[in-house]
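In case you want the letters, here they are:
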Amino acid sequence: MEIRNFVLNLLEIWRTHYRNRVFVKWVFEKFQFFRVSREGEMIGWSCFCWNRISDVSHPEPEPEPFHLPFPMPQWPEGGDFSKGRIRIGELEVLQVTKFQCIWNCNLSNEKGKGFSFYKPVGIPDGFFCLGHYGQCNIEPLRGFLLVAREIDSSKSDGPALLKPLNYVLLWSAEDHNGCGYFWLPCPPEGYKTMGFLITDTPEEPSLDEVRCVRADLTETCETHNLVLDTESEYSKPNFRVWDTRPCNRGMWCKGLSIGTFFCSTDDTSEDLSIACLKNLDMSMKAMPNLDQVHSLIKHYGPTVYFHPKEVYLPSSVPWFFKNGAALHKRGSSKSEPVDANGSNLPQGGENDGKYWIDLPHDDQKNLVRQGDLESAKLYVHVKPALGGTFTDIVMWVFCPFNGPATLKIGVASLAFNKVGRHIGDWEHFTLRVSNFTGELWRVYFSQHSGGVWVDAFDLEYVKGNRSIVYSSRNGHASFPHPGDYLQGSQKLGIGVRNDAARSDIFVDSSVKYEIVAAEYLGDGVVAEPGWLQYMREWGPTIVYNSRSELEKMIRFLPVNMRSSVENLFNKLPVELYGEEGPTGPKEKNNWVGDERS
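Remember, it's a predicted structure, so these values are computed and weren't measured experimentally.

About the criteria used
Residues numbered from 1 in each chain as written. Predicted model: local features only at pLDDT ≥ 70, side-chain atom pairs only at ≥ 80, totals over all residues. Heavy atoms only, no water. Helix = DSSP H or I, 4+ residues; strand = E, 2+ residues; numbered from the N terminus. Buried < 20%, exposed > 50% of the residue type's maximum accessible area, 1.4 Å probe, protein only. Contact = heavy atoms within 4.5 Å. Areas by Shrake-Rupley, 256 points an atom, 1.4 Å probe, with all protein chains shown as cover. Pairing = 2+ DSSP bridges. Axes fitted to C-alpha atoms, helices over the stretch in contact; angles between N-to-C directions. Disulfide = S-S within 2.5 Å. pLDDT = per-residue confidence, 0-100. Phe/Tyr/Trp six-rings, centres within 6.5 Å; stacked < 30°, edge-to-face > 60°. Lys NZ or Arg CZ within 6 Å of the ring centre and 35° of its normal.

Engineer: Is there a simple way to think about the overall build of the chain in this case?
Structural biologist: Tallying secondary structure elements over the chain gives 7 helices and 35 strands in all. In the chain, buried positions account for 55% of the 597 residues. Once local pairs closer than 6 in sequence are excluded, the contacts in the chain between residues at least 24 apart make up 68%. Carbon and sulfur atoms form 49% of the exposed surface of the chain, whose accessible area is close to 26800 Å².

In structure tokens:
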């Protein structure tokens, strides 16, 4: 009876103060044994649940901001690199990384499954917010938002920035006793919205809270990583939140990532109602000059660790040529030695299949296969990314030979004799650096026919802010951590093994590197070596009789496993069945385009 009277008294207070968010939060924190509706009616005596999940008013601690292990140095002077602001035509943008949390919520009983949404704080006078930011709580706070101001108002097309006309409430957690409200700004005619806003009250945001951008200063964007998904039989309609990025990305593309999110109650994320900014000032003043590039590499250049059992090591390209690599031409029985710089290789054009490079056919063959660690270096291509707001430092590793693959079937590992081998192996990884601050943002790890971006907070570091890249045994794919990675079907447990581990076999790219291209710096600033213009194959085309080799392996398996393994052949990577001779860096899609992710 005492408990009943206490609850009734509490509900009377609730009826009066239920819109007081501080009071509501206090009630949920202190009294978790009943449920009430927004009108103050008692629903039941069970702990409140939404989507069979814990009460949204029990947030996890907000993510702590991430900082690189060591402070950044003072970069050499020159241009607008690391000056904090970048001009993109009629607008100047600034990167904000300080936030105020608006809504922090855990939608699962599992620890670390919460999420937080933020608004930027400390915006300088004259700059305006374009949208808000959101991320999962399992990660450190590592986002950014671009804020903008107009610096050229002489255009006859109208102001670059305008207030929205009003807002549309897309979704709220109000019906679930939450306090998150997602608003879409409605732009004036001829303007675009850059991002959504979130509030912790049902009142519509102020029109001064955000700005819309004139349409000709914007580009289309697309969703990327899923931030939040409320899909459940208990949550209708479903609500999803993604981060965004420009649709067109690459060395000369103009779209900027703003850092905002897109949200929808539909099952798809097509035809976005928001856009991203466009850089109309392609002078690249915020890109690093050559001295700054060298400083960035010396500060961030990773150490590449090879597997302790690696046999096929990298070398420099000149070492490969000096030790007998020869140029072959289709239809000719003779080969031609290649000079150290590759100046006598066919230059430019496209891969027409008429030429290829092969190993020497004498006693040098086995020596060249094993590479030469002492001569090895990283070949660096520096290029703009995301409309010149970031710099991509692409580091290419050359190995004269790629070793045979090892097939994993369940707990069994079966080493091939020939399948997977090829001559002239080019692999790479990419450092993405913010041109606002000079800070390392993330690293791309190329892995055969794909790869993955890894944020700076999830890297391993050695010697200050220099990260670690693990090169897999025989195949030389790049990974951020040691381990046995499977290229194939994780679910079925079948594929090619990629074993990565630390050893005393390594190349320090902060010291052993050569910048071979940086087109944005202009002609003649970086002298491109002759071999970089060779667009043909660095090794002969090889066709494997992998089926025959696999069938030989199957004979050694238990009888009850054989039929199952045979049915899984179609799940194997295409590399097992044959491979054209690999081409050089300039023939790869990512030379001009963005990384595949």
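Engineer: Looking at this structure, how should I read the pairing of strand S33 (residues 494–500)?
Structural biologist: A regular strand places its side chains on the two faces of the sheet in alternate fashion. Across the 7 residues of S33, 6 count as buried, placing the element largely inside the fold. In terms of strand pairing, strand S25 (residues 406–409) meets S33 through 3 bridges, oriented antiparallel. Within S33, the position partnered with Lys408 by the bridge is Gly495. One ladder, built from 7 bridges, connects strand S32 (residues 483–489) with S33; its direction is antiparallel.

Engineer: Which parts of the structure should I look at to understand the sheet that holds strand S13 (residues 197–199)?
Structural biologist: Either a parallel or an antiparallel arrangement is found when strands of a sheet pair, and the pairing is made through backbone hydrogen bonds. With antiparallel pairing, 3 strands are arranged side by side in an open sheet as S10-S11-S13. Two strands close off the open sheet at either side, each with one partner strand: strand S10 (166–172) and S13. Geometrically, the sheet is characterised by an average inter-axis angle of 35 degrees between neighbouring strands, direction not taken into account. Sheet topology note: the strand S11 (residues 181–186)/S13 ladder contains 3 bridges and is antiparallel. In the sheet register, Trp183 faces S13, and the bridge partner there is Leu197.

Engineer: Just to check I follow, could you spell out the state of the cysteines for this structure?
Structural biologist: What is meant by a disulfide is a covalent connection between two cysteines, made through their sulfur atoms. Taken as a whole and assessed by the stated rule, the structure comprises 0 disulfides. This cysteine, Cys221, is not joined by any disulfide, and Cys276 carries the nearest cysteine sulfur, 5.4 Å off. Take Cys221: its relative accessible area is 7%, and that puts it in the buried class.

Engineer: Just to check I follow, could you spell out the confidence of the model for the chain for this structure?
Structural biologist: If pLDDT is low for a region, its predicted coordinates should not be looked at in detail. Here the chain shows a mean pLDDT of 85. Residues at 70 or above account for 80%. Low pLDDT, under 50, characterises residues 13–57; the predicted model gives this stretch 92 contacts beyond four residues in sequence or across chains.

Engineer: I'm lost on the environment of Lys298 in this one. Help?
Structural biologist: Inspection of the secondary structure assignment puts Lys298 in helix H3 (residues 290–300). Sequence separation between Lys298 and Asp508 is 210 residues; the distance between their C-alpha atoms is 9.7 Å.

Engineer: Even after reading the chapter, I still don't get the pairing of strand S27 (residues 422–434), so can you show me in this structure?
Structural biologist: Taken across its 13 residues, S27 has 13 buried, putting it largely inside the fold. Judged from the 12 bridges that link them, strand S24 (residues 390–402) and S27 form a sheet pairing that is antiparallel. If you follow Phe390 over to S27, its bridge partner there is Ser434. Inspection of the sheet shows S27 paired to strand S28 (residues 440–447) by 5 bridges, in the antiparallel sense. Paired with Phe429 across the two strands is Phe445, which belongs to S28. What sits between S27 and S28 in their antiparallel hairpin is a turn of 5 residues, with Gly438 showing a positive phi close to 80 degrees.

Engineer: What should I look at first to understand the environment of Asp484 in this one?
Structural biologist: Assignment of secondary structure puts Asp484 in strand S32. The class for Asp484 is exposed, based on a relative accessible area of 59%. Separated by 16 residues in the primary sequence, Asp484 and Ala500 have C-alpha atoms spaced 6.3 Å apart. Excluding its chain neighbours within four sequence positions, the residues that come into contact with Asp484 are Arg497, Asn498 and Asp499.

Engineer: Honestly, the environment of Lys588 in this entry has me stumped. Any pointers?
Structural biologist: Here Lys588 shows up in the segment after helix H7 (559–567). Residues Lys588 and Met535, spaced 53 residues apart in sequence, show a C-alpha to C-alpha distance of 9.7 Å.

Engineer: Can you help me understand the packing of aromatic side chains in this one?
Structural biologist: Scanning the entire structure with this criterion turns up 40 aromatic pairs. Aromatic pair Trp75 and Tyr300: ring centres 6.0 Å apart, planes at 45 degrees, arrangement tilted. Note that Trp75 is positioned in the loop between strand S2 (42–44) and strand S3 (85–87) and Tyr300 in helix H3, a separation of 225 residues in sequence. Like Trp75, the residue Tyr300 is buried in the burial classification. In this structure an aromatic cluster arises from ring pairing among Trp103, Phe115, Phe117, Trp171, Phe182, Phe196, Phe239, Trp242, Phe261 and Phe262. Across the ring face of Trp441, the terminal group of Arg142 is positioned such that the distance to the ring centre comes to 3.9 Å.

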